[in-house]
Amino acid sequence: MEPEDFDRERERWLKETYPASPERSDPFVTVSSEEVGPLYGPSDSSALDYEDDLGFPGEYPYTRGVRGNMYRGRLWTMRQFAGFGTARETNERYHFLLERGQTGLSVAFDMPTIMGVDSDDPRAEGEVGRCGVAIDSVVDMQTLFDGIPLERITTSMTTNAPASILLSFYLVTGERQGVSLGDMGGTIQNDILKEYIAQKSWIFPPRPSLRIITDVMRFCASEVPRWNTISISGYHIREAGSTAAQELAFTLADGMAYVEAGIEAGMDVDDFAPRLSFFFNSHIDFFEEVAKYRAARRIWARVMKEKFGAKKEESLLLRFHTQTAGCSLTAPQPENNIVRTAFEGLAAVLGGTQSLHTNSMDEVLALPSEKAAEIALRTQQVIAYETGVANTADPLGGSYFVEYLTDRLERQALEYFAEIEAEGGVLQAIDRGYFQRRIADAAYRYQMEIEKGERVIVGVNRFAHEGESIDIELLKIDPLVEREQVESLRKVRSERDQGKVDEALTGLKGRAEGTDNLMPAILDSVRAHATLGEIVGVMKGVFGEYREKPIY
Amino acid sequence: MSEKTVRVLVAKPGLDGHDRGAKVVARALRDAGMEVIYLGLHQTPEQVVQAAVDEDVDVIGLSILSGAHMTVFPRVLEMLRERGASDIKLVGGGIIPEEDIERLEGMGVARLFTPGTPTAEIVDYIRGLRWRC
């Protein structure tokens with residue numbers, strides 16, 4: 001049937017057949033409040049050209065996947081984000097997860113580590129080891145990876161403002177295990193733009209932050225070639241309340257800003273672009289999410305080729321990690337979260353993710369218990385080994401609905417790019433509160449939809465009953481963790497050669513004031529056992545601190 | 001009796017930056033006709049109490065998701081007492097276990113809300129506080 005014929009016939013069908021019984025009263029919209037029609041067909045993606053817009057997996061524009069054989073070659077990496085208490089406790093959890101079939105590690109740091117604050121700093125009080133693992137120096141990092149061979153396991157670290165320092169902790173840990181830098185692989189998040197936009201864990205102002213990032217990109221390009229120097233993240237933008245289209249557009253806009261920064265710093269785009277990776281959310285709206293990943297690959301390949309003139313094929317590939325949506329989980333009836341997470345994980349896989357974290361059912365209540373973490377990992381294993389979805393590439397490709405959504409999301413992203421451009425680019429848009437306002441508006445609309453009952457959340461505003469209690473085991477962080485961590489930090493300080501530390505930090509200050517790459521000086525400071533807070537302190541002295549204008 | 005407009009200070013103490021909840025609640029309170037002073041992120045208990053006194057607020061609302069609630073809430077309560085400002089009601093929200101909620105409410109926190117609480121419930125609760133004043 002030709003597209004025009006389908007359009008005409010659909011009109012007829014809508015009048016004659018569809019109204020035979022009345023529609024439900026729930027609105028037909030995605031989780032991003034986008035309209036969804038009753039039926040899609042050939043006319044809804046009629047502008048699509050198979051060769052130009054879809055192509056084959058592993059071939060431009062990569063809509064159907066970044067690898068030729070996709071999961072028939074290698075399954076996605078099962079990478080559960082984990083960290084709590086001290087490095088010793090988290091190391092035990094890593095061994096537990098690896099023994100149960102996890103294939104990569106992902107470190108969750110506590111808030112003081114994320115903010116570059118030592119555990120004995122007054123600002124850290126009450127926060128040490130609470131929502132991640134406390135890491136103050138390379139000594140803690142060595143404990144964290146004790147018995148884990150860093151030439152074989154790749155590690156992702158969720159660290160942004162102090163990413164250069166935590167990467168250095170990791171690299172020196174590898175050195176001390178006898179692993180050469182060239183053999184170490186992993187990812188640092190290192191995406192500061194989305195911190196200003198959504199996650200709000202910043203230290204330095206934007207300009208010096210971008211300089212640190214380009215220093216890391218340049219250093220790794222020559223010294224740690226298997227390292228993904230940045231994981232450009234939509235996850236937090238979505239968690240802060242954005243729509244799918246905003247997550248897609250804002251993330252890719254950030255990506256373009258990093259590419260521009262790299263080029264401005266004098267690098268060839270093909271020298272660093274292959275190590276850029278992405279990180280997306282998988283929310284509960286199944287088809288919208290699948291389409292989002294497909295659109296992301298297509299947009300990025302086109303932007304890299306057409307806008308930035310990238311020549312290497314690897315520069316065009318949008319490789320990404322996915323985490324299921326923490327914000328979709330509910331505190332009441334927490335067991336339901338296992339089901340939500342399974343659907344979200346499935347969407348990520350059908351969208352062609354390279355690695356996946358499936359949330360634990362209890363994450364809205366506490367850090368994951370061992371039991372909950374195991375169920376979350378098993379959820380991925382069921383998707384991988386039982387459901388059959390990994391047998392063929394892009395199984396939803398060609399679905400009228402999915403192709404329509406992919407196309408619509410691409411169009412919406414391009415509209416957002418134009419808006420950001422009109423704001424004066426990403427940095428200006430941050431400064432003017434553009435992203436923050438858009439996200440806050442979407443978050444508020446979503447909440448109001450729930451409260452008006454227009455959006456159903458099972459166990460919250462429907463199918464909830466009075467007097468329900470939560471009876472799952474929750475992980476508790478011992479308050480003694482803080483004291484223990486402070487003591488071990490003091491031990492590190494007392495046992496090191498202070499002269500060496502001072503010398504290294506002076507060298508770092510000199511580099512920060514000039515233009516030479518910071519990484520060698522950070523590595524020297526780390527080898528001398530300077531602490532995270534001390535290194536950040538030196539950098540803050542030169543670069544200053546960022547302050548946000550609060551808007552709501 | 002003419003009803004004074006309720007003034008609420010909303011802030012996120014500590015190092016955590018997850019401000020979605022704080023901002024949604026701030027906007028809901030504003031839309032419900034309250035005067036909202038949104039202090040933003042990374043506030044110390046000292047800054048919170050100082051701003052509350054300076055702005056002459058009726059209620060302080062703190063959002064904490066990082067697990068630092070057993071440190072932050074007691075300190076804010078203590079500082080309110082020191083400043084003779086215990087008439088300011090302290091409420092909060094975040095990922096706070098049931099047993100900690102009981103302990104904190106026992107110490108004098110007026111009310112703690114957990115994830116999934118409708119903003120309408122928070123609005124009603126704060127309005128109710130005014131009637132009791």
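It should be noted that the structure appears before, not after, this text.
Draft legend 1. Molecular detail of the overall build of chain B. Per the secondary structure count, chain B includes five helices and five strands. The N-to-C order of helical and strand elements in chain B reads β-α-β-α-β-α-β-α-β-α. Across its three principal directions, the C-alpha atoms of chain B cover 40 × 35 × 25 Å. Every one of the 133 residues in chain B was classed for burial, and the buried ones make up 56%. Here chain B contributes 16 positive and 20 negative side-chain charges, whose respective centroids are spaced 3 Å apart.

Draft legend 2. Expanded view of the packing of helix α3 (residues 69-82) of chain B against helix α4 (residues 98-107) of chain B. All names here are of chain B. As a packed pair, α3 and α4 sit with axes 10 Å apart at the nearest point and diverge in direction by 5 degrees. Relative to α4, the element α3 lies roughly parallel. Within the contact between the two elements, α3 uses H69, M70, F73, P74, L77 and R81 and α4 uses D100, R103, L104 and M107. Across the contact of α3 with α4, the residue classes tally to six nonpolar, one polar and three charged.

Draft legend 3. A look at the sheet that holds strand β1 (residues 77-82) of chain A. Residue and element names in this part refer to chain A. Overall, parallel pairing links the nine strands, which are arranged β5-β4-β3-β2-β1-β9-β8-β7-β6 in an open sheet. Each edge of the open sheet is held by one strand with a lone partner, namely β5 (227-228) and β6 (230-233). When β6 meets strand β7 (residues 276-282), the two strands line up parallel, connected through four bridges. Its bridge partner lying in β7, S233 is registered against F279. In the packing of helix α4 (residues 87-99) onto the sheet, contacts are made with β1 and β2 (104-107), and the angle to β1 comes to roughly 155 degrees. Against the sheet, helix α13 (residues 286-307) contacts β7 and β8 (320-324), and its axis sits at roughly 160 degrees relative to β7.

Draft legend 4. Structural view of helix α15 (residues 370-385) of chain A. Residue and element names in this part refer to chain A. Counted at 1.5 Å a residue, the expected span for α15 with its 16 residues is 22 Å, and the 22 Å between its end C-alpha atoms agrees. If you check which residues of α15 are buried, you get A372, A373, A376, L377, T379, Q380, Q381, I383 and A384. Taken together, the buried residues of α15 touch β1, α4, α14 (336-350) and β9 (355-357).

Draft legend 5. Structural detail: empty space enclosed by the protein. Counted under the stated rule, the structure contains seven cavities of 30 Å³ or more. One number sums up the size of the largest cavity: a volume of about 120 Å³. If you trace the largest cavity, you find 14 residues lining it, with V31, G241, S242 and Y446 of chain A together with R20 of chain B closest to the centre. Sorting elements by how many residues they give to the lining of the largest cavity places helix α18 (residues 434-451) of chain A first, with four residues. The class makeup of the residues in the lining of the largest cavity is four nonpolar, six polar and four charged.

About the criteria used
- Residues numbered from 1 in each chain as written.
- Chains lettered and ligands numbered in written order.
- Predicted model: local features only at pLDDT ≥ 70, side-chain atom pairs only at ≥ 80, totals over all residues.
- Heavy atoms only, no water.
- Helix = DSSP H or I, 4+ residues; strand = E, 2+ residues; numbered from the N terminus.
- Buried < 20%, exposed > 50% of the residue type's maximum accessible area, 1.4 Å probe, protein only.
- Lys, Arg positive; Asp, Glu negative; His and termini not counted.
- Charge placed at Lys NZ, Arg CZ, Asp CG, Glu CD.
- Axes fitted to C-alpha atoms, helices over the stretch in contact; angles between N-to-C directions.
- Parallel < 35°, antiparallel > 145°, perpendicular 65-115°, else oblique.
- Contact = heavy atoms within 4.5 Å.
- Nonpolar A, V, L, I, M, F, W, Y, C, P; charged D, E, K, R; others polar.
- Pairing = 2+ DSSP bridges.
- Expected span 1.5 Å × (residues − 1).
- 1 Å grid on protein atoms, 1.4 Å probe; cavity = no way out; pocket = protein on both sides within 12 Å on 5 of 7 lines; lining within 4 Å.
- Points joined across faces, edges and corners; volume = space filled by probe spheres on them.

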